[in-house]
Amino acid sequence: MKKVLVVFVVLFVWAIPVFAVAPVTEDMILEAQAYGRAKVELELNEFLAPWTVYAEKAEKISVSSDRILLHTPYLMLAYDACHKMRAGQPIKVTDAEKILADYAGYHVFTVTLHGESPAFAEKMTTVAKQANKTILPYGVKLMPPEAVSAAGGKKSGYSVHAYVYFIDKEIKADQPVTLTVTTTDAKVRNFHFDLPNIR
């Protein structure tokens, strides 16, 4: 839990502006903050589940499955409210402008992959496909690989986190989009996002 939380917080440190999916209105802000309050008891993975997509051929869904998290204004506002609720801090509608001000103009996806060698994602590439259009990312921030331990403390491989940024206007929020990730070991992973149904 602590490791996953650290990874999520790191995104907010590294992330360049992001603005995705749902338009920001006062009603949406209040709804997102209410969601954050209501879900305060959830583990982080459960909290993020509605915005998380697993690789289409994943045999078993677990914490070690390849996945992508889509960051939306709703999620950021809900997470902020949840975090403040746990810390006993006030949650204000006026906080929304500050939370989202530095995230305008991009869709940001957090990619989490697993492989057998520390270099398996060294030359990772990601493209988005929507309708008949292929969209290249504006930028990618690849974090250093981390060794993964199985039961008993034995090393079972490596995990990598990458933050992939697409210009907001290039991806239409009213259509599904597929992210295709190809790693150095020649493995291709597809992740399907039903954007119209993601808050």
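As shown above, the structure is provided for reference.
Anyway, here's the lowdown on the structure attached to this text. Treat the numbers as computed from the prediction; the structure is a model and nothing was measured.

About the cut-offs
- Residues numbered from 1 in each chain as written.
- Predicted model: local features only at pLDDT ≥ 70, side-chain atom pairs only at ≥ 80, totals over all residues.
- Heavy atoms only, no water.
- Helix = DSSP H or I, 4+ residues; strand = E, 2+ residues; numbered from the N terminus.
- Buried < 20%, exposed > 50% of the residue type's maximum accessible area, 1.4 Å probe, protein only.
- Contact = heavy atoms within 4.5 Å.
- Areas by Shrake-Rupley, 256 points an atom, 1.4 Å probe, with all protein chains shown as cover.
- Expected span 1.5 Å × (residues − 1).
- Phe/Tyr/Trp six-rings, centres within 6.5 Å; stacked < 30°, edge-to-face > 60°.
- Axes fitted to C-alpha atoms, helices over the stretch in contact; angles between N-to-C directions.
- Parallel < 35°, antiparallel > 145°, perpendicular 65-115°, else oblique.
- Left-handed = near helix turned anticlockwise from the far one by under 90°.
- Nonpolar A, V, L, I, M, F, W, Y, C, P; charged D, E, K, R; others polar.

1. Considerations on the overall build of the protein
When its secondary structure is counted, the protein shows five helices and 10 strands. Looking at the 199 residues of the protein, the share that counts as buried comes to 45%. Pairs at least 24 apart in sequence give 72% of the contacts found in the protein among residues at least 6 apart. Summed over all atoms, the accessible surface of the protein reaches about 10,800 Å², with 56% contributed by carbon and sulfur.

2. A short note on helix 4 (residues 73-87)
The periodicity of an α-helix, 3.6 residues per turn, causes residues three or four places apart in sequence to face the same way. Here helix 4 contains 15 residues, and its C-alpha end-to-end distance of 21 Å stays within 8% of the 21 Å for a straight helix at 1.5 Å per residue. For helix 4, the tally of buried residues reaches 11 of 15 residues, placing the bulk of the element in the interior. Gly88, located one to two residues past helix 4, shows a positive phi value of around 70 degrees.

3. Digging into the packing of aromatic side chains
Evaluation of the coordinates by the stated rule reveals eight aromatic pairs. Between Tyr35 and Trp51 the ring centres are 5.7 Å apart and the planes differ by 90 degrees, which places this aromatic pair in the edge-to-face class. Residue Tyr35 is located in helix 2 (residues 26-38), and its partner Trp51 is located in the loop between helix 3 (44-48) and strand 1 (52-54); the two are separated by 16 residues in the primary sequence. In this structure Tyr35 comes out as buried when scored by relative accessible area, which is 12%. On the basis of relative accessibility, which here comes to 1%, the residue Trp51 falls in the buried class. Each ring, one from Phe109 and one from Phe193, has its centre 5.3 Å from the other, and the planes form 65 degrees; the classification is edge-to-face. Of this pair, Phe109 sits in strand 3 (residues 106-115) while Phe193 sits in strand 10 (residues 188-193); the two residues are 84 residues apart in sequence, bridging distant segments of the chain. Residue Phe193 is classed as buried on the basis of its relative accessible area of 1%. Among the aromatic residues, those joined into a cluster by ring pairs are Tyr35, Phe47, Trp51, Tyr74 and Tyr79.

4. Thoughts on the packing of helix 2 against helix 4
At a minimum axis distance of 7 Å, the contact between helix 2 and helix 4 shows a crossing angle of 45 degrees. With respect to helix 4, the axis of helix 2 lies oblique. The element helix 2 and its partner helix 4 pack so that their crossing is right-handed. Seen from helix 2, the contacting residues are Met28, Ile29, Glu31, Ala32, Gln33, Tyr35, Gly36 and Arg37; seen from helix 4, they are Pro73, Tyr74, Leu77, Ala78, Ala81, Cys82 and Met85. Its residues assigned to classes, the contact of helix 2 with helix 4 shows 11 nonpolar, two polar and two charged.

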